[in-house]
Amino acid sequence: MRYSAIVLCGLLGQGTVLAQDNAPSYLYLVKDPTPGQRLLLQQHFDVLGSCCGGALRATGPVEVVVQHDEVAAFLSIVPRAQLRETSRPYHEVELEQQAAGPDVPDPGYYTVAEIEAEIDAAVAAYPGLATKVNISTLPGAVLTHEGRSIFALKVSDNVATDEDEPAILLAAQHHARELNSPHMVIRAFQRVLAGYATDPALQAVVDNYEVWFVPMVNPDGVNHVWTVDALWRKNRRNNGTNYGVDNNRNYSF
């Protein structure tokens, strides 16, 4: 592999299991913030629908996810904000909504263990093309902050060999609460593996590249979503006064 795409773990892990902070997040509605309030909310809080430098709409209500240690600062900016929801473990939300009818959420959302099981199933079905790699054990890598591994599925025509080929990386679920995102990577490796024998375009990719699929960059955060806080977005680094780093906004250039 000419270019090692495994650059995920330095930010994500320290190799020790840290104490959990199990306080929930809060979802607030701010009906009509002023331009100044809107800017402060975007700069300092988790505003739904505002991501990665994109402009927040100029008018109308906004919803903001606020951590328990941020509530006082948040209310000092928008004292009339309305509390809409105290977050719960996602598994409770899933069971409740499934009992209520056929609408969301999709019962196919993956837990941490189920994502690893999909990787294992692909290796079992295509042992000549696919192998499971614990990228947390590669040189320079570490376990996550809560002691978990990050797993990849490597796909190549000589999958057991580290060939002098360029690498392609598909990585998902940097944000823990985006439970739909690992489906894209899992379905991608299923499509590539299933089509290899009959699709010349897929054969060319697999024969000439090493393709790395990482369905879940942030297993600590995903576990926290399922077991504690369905609104959690970050990883679970202990920052001393609070928890979490927004992984996709903190990679080095």
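Provided above is the structure to which this section pertains.
Thresholds, definitions, all that
- Residues numbered from 1 in each chain as written.
- Predicted model: local features only at pLDDT ≥ 70, side-chain atom pairs only at ≥ 80, totals over all residues.
- Heavy atoms only, no water.
- Axes fitted to C-alpha atoms, helices over the stretch in contact; angles between N-to-C directions.
- Helix = DSSP H or I, 4+ residues; strand = E, 2+ residues; numbered from the N terminus.
- Parallel < 35°, antiparallel > 145°, perpendicular 65-115°, else oblique.
- Contact = heavy atoms within 4.5 Å.
- Nonpolar A, V, L, I, M, F, W, Y, C, P; charged D, E, K, R; others polar.
- Polar contact = N/O pair within 3.5 Å; in protein donor to acceptor, adjacent residues only side chain to side chain.
- Buried < 20%, exposed > 50% of the residue type's maximum accessible area, 1.4 Å probe, protein only.
- Salt bridge = Lys/Arg side-chain N within 4 Å of Asp/Glu carboxyl O.
- Core = buried A, V, L, I, M, F, W, Y, C linked by side-chain atoms within 4.5 Å.

1. A few points about the packing of helix α5 (residues 112-125) against helix α6 (residues 181-195)
Contact pair α5 / α6: the axes reach a minimum separation of 11 Å and the direction vectors enclose 5°. Judged by the inter-axis angle, α5 sits roughly parallel to α6. Together, I115, E118, I119 and A122 of α5 and P182, I186, F189, Q190 and L193 of α6 make up the contact between the two elements. Residue composition of the contact of α5 with α6, by class: seven nonpolar, one polar and one charged.

2. What about the side chain of Q173?
Mapped onto the elements of the fold, Q173 is located in the loop between β7 (167-171) and α6. One polar contact links the side chain of Q173 to the main-chain carbonyl oxygen of A176, over a distance of 3.1 Å.

3. Things to note about the environment of T144
Checked against the element boundaries, T144 lands in the loop between β5 (130-134) and β6 (151-155). Judged by relative accessible area, T144 falls into the buried class, the value being 2%. Counting along the chain gives 93 residues from T144 to R237, while the straight-line C-alpha distance between them is 8.6 Å. A polar contact of 2.9 Å, which involves the side chain of T144, links it to the backbone nitrogen of R148.

4. Here's the deal with the pattern of salt bridges
Applying the stated criterion across every chain, the model contains twelve salt bridges. With a shortest N-O distance of 2.7 Å, D46 and R233 are connected by a salt bridge. Residue D46 is located in strand β2 (residues 46-47), and its partner R233 is located in the segment after α8 (219-227); the two are separated by 187 residues in the primary sequence. Overall, the relative accessible area of 8% leaves D46 in the buried class. Judged by relative accessible area, R233 falls into the buried class, the value being 10%. Each of D46, R177, R233 and D246 takes part in a single network of salt bridges with overlapping partners.

5. Topic: the nonpolar core
If you look at the biggest cluster of nonpolar residues, it comprises 31 residues, and the most contacted ones within it are Y90, L153, V155, F189, L193 and F213. Of all the secondary-structure elements, those providing two or more residues to this core are α4 (90-100), α5, β6, α6, α7 (200-208), β8 (210-214) and α8. Counting residues per element, this core draws most heavily on α6, at six residues. By size, the runner-up hydrophobic cluster in this structure holds 13 residues, among which are V30, V47, V64 and A81.

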